[in-house]
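Examination of the molecular architecture
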Amino acid sequence: MKTLKVLTVVAIVALVGILVSGVLNFGSTSMEDNEIESAVNKSNVIDQAPVRKGYDIGDKATDFNLQNIDEKIVSLKDFNDAEGFIVIFTCNHCPYSVAYEDRIIALDKEFKGQGYPVIAINPNNPESYPEDSFDNMKIRAREKGFTFPYLFDAGQKIYPQYGATKTPHVFLLQKEGADNIVKYIGAIDDNHKDAKAIKNDYLRNAVTDLINGQEIKTTKTVAIGCSIKS
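What comes next concerns the included structure. (Residues numbered from 1 in each chain as written. Predicted model: local features only at pLDDT ≥ 70, side-chain atom pairs only at ≥ 80, totals over all residues. Heavy atoms only, no water.)

Successive side chains on a regular strand alternate, one facing one side of the sheet and the next facing the other. With six of its eight residues buried, strand β7 (residues 169-176) lies for the most part within the structure. Relative to β7, strand β3 (residues 84-89) runs antiparallel, the two being bridged by six bridges. Counted as the bridge partner of I86 is L172 from β7. In terms of strand pairing, β7 meets strand β8 (residues 179-186) through seven bridges, oriented antiparallel. (Buried < 20%, exposed > 50% of the residue type's maximum accessible area, 1.4 Å probe, protein only. Helix = DSSP H or I, 4+ residues; strand = E, 2+ residues; numbered from the N terminus. Pairing = 2+ DSSP bridges.)

The next thing to look at is the state of the cysteines. Taken as a whole, this structure holds one disulfide when the rule is applied. Disulfide partner of C94: C226, at an S-S distance of 2.2 Å. As the torsion about the S-S bond is roughly 85°, the C94-C226 disulfide counts as right-handed. Within this pair, whereas C94 is found in the loop between β3 and α2 (95-111), its partner C226 is found in strand β9 (residues 226-227), the two being separated by 132 residues in sequence. (Disulfide = S-S within 2.5 Å.)

Turning next to the environment of D56. Position of D56 relative to the elements: it lies in the loop between α1 (2-47) and β1 (66-68). Residue classification places D56 among the partly exposed residues on the basis of a relative accessible area of 37%. With 126 residues separating them in the primary sequence, D56 and V182 have C-alpha atoms 7.0 Å apart. Within polar-contact distance, the side chain of D56 engages the side chain of K220 at 3.2 Å. (Polar contact = N/O pair within 3.5 Å; in protein donor to acceptor, adjacent residues only side chain to side chain.)

So, about the sheet that holds β1. Pairing between the strands of a sheet comes from backbone hydrogen bonds, and it takes one of two forms, parallel or antiparallel. Overall, mixed pairing links the seven strands, which are arranged β2-β1-β5-β4-β3-β7-β8 in an open sheet. One side of each edge strand has no neighbouring strand; the edge strands of this open sheet are β2 (73-74) and β8. The strands that helix α5 (residues 202-211) touches are β3, β7 and β8; relative to β7, the one it contacts most, it runs at about 5°. (Contact = heavy atoms within 4.5 Å. Axes fitted to C-alpha atoms, helices over the stretch in contact; angles between N-to-C directions.)

For the rest of this paragraph, the subject is the packing of aromatic side chains. Tallying each qualifying case throughout the model produces eight aromatic pairs. An angle of 75° between the planes, with centres 5.0 Å apart, marks the rings of Y55 and Y162 as edge-to-face. Taken as a pair, Y55 in the loop between α1 and β1 and Y162 in helix α4 (residues 159-162) lie far apart in primary sequence, 107 residues in all. A residue is classified by how much of its surface remains accessible, and Y162, at 0% relative accessible area, is buried. (Phe/Tyr/Trp six-rings, centres within 6.5 Å; stacked < 30°, edge-to-face > 60°.)

So, on to the environment of N80. Locating N80 in the fold gives a position in the loop between β2 and β3. Residue N80 is classed as exposed on the basis of its relative accessible area of 66%.

This part takes up the packing of α2 against α5. Closest axis-to-axis distance for the α2/α5 pair is 12 Å, and the angle between their directions is 10°. Considering their axes alone, α2 and α5 lie roughly parallel with respect to each other. Contacts between α2 and α5 involve L107, E110 and F111 on the former and, on the latter, L203, R204, V207, T208 and I211. In terms of residue class, the contact of α2 with α5 is made up of five nonpolar, one polar and two charged. (Parallel < 35°, antiparallel > 145°, perpendicular 65-115°, else oblique. Nonpolar A, V, L, I, M, F, W, Y, C, P; charged D, E, K, R; others polar.)

What follows is about the side chain of D201. Tracing the backbone shows D201 in the loop between β8 and α5. For D201, a relative accessible area of 18% corresponds to the buried category. A distance of 2.7 Å separates the side chain of D201 from the side chain of R204, its partner in a polar contact. Look past the residues within four positions of D201 in its chain and what remains in contact with it is I188 and D189.

Let's shift gears to the pattern of salt bridges. Here the structure, examined in full by the defined rule, presents twelve salt bridges. Where R140 meets E101, a salt bridge forms, and the shortest distance between an N and an O atom there is 2.7 Å. Taken as a pair, R140 in helix α3 (residues 134-144) and E101 in helix α2 lie far apart in primary sequence, 39 residues in all. Linking R204 and D201 is a salt bridge whose minimum nitrogen-to-oxygen distance equals 2.7 Å. The exposure class assigned to R204 is partly exposed, which follows from its relative accessible area of 24%. Members of the salt-bridge network, linked through shared partners, are E101, R140 and E143. (Salt bridge = Lys/Arg side-chain N within 4 Å of Asp/Glu carboxyl O.)

In structure tokens, the structure reads:
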């Protein structure tokens, strides 16, 4: 009987030890799990931070310092006599951009003297499309006789700030004091295939409205073209 009692006591003590150990281990695991969950949650907070989608009408546009095809650095602040800017994200390889080249040249010739020069920016990564390299930009500009700066968005830092997604993609800016305010965003017109078949000349109409001191009738359209290559 004494032996049985001793064994019973030993068994009870062992069981209590196991239970206590389990509780402690459970608590330790729970704390560790909480720390992991907390870290994941913090990571998710960072990952889920609002992503900038670019400018809307009335926003102040970022100036830039980008290299032109003549090797010089160009900024909007360099154009003292400008009333605003026709900023067009475009490139060499995209067939939509190629289709609009003559029209972009015509827009620059028409509006530069009235205070709204064209500033063309190539946003593409040349590693994805070698045709859009800086050297090939020089060749293309010379072949077509570009009358406007053709800038390279090295490191692709500017186009995301503007919210450009296509080539071509237009951002019409107007100077207001020291700021450049976005007045129109979108397409050049409604027919990239045939300039003679245009029904809605969005960009030309928007610039004309600004020059005449009138409200722009259509301030946003959907840009049609090739996606920007990163």
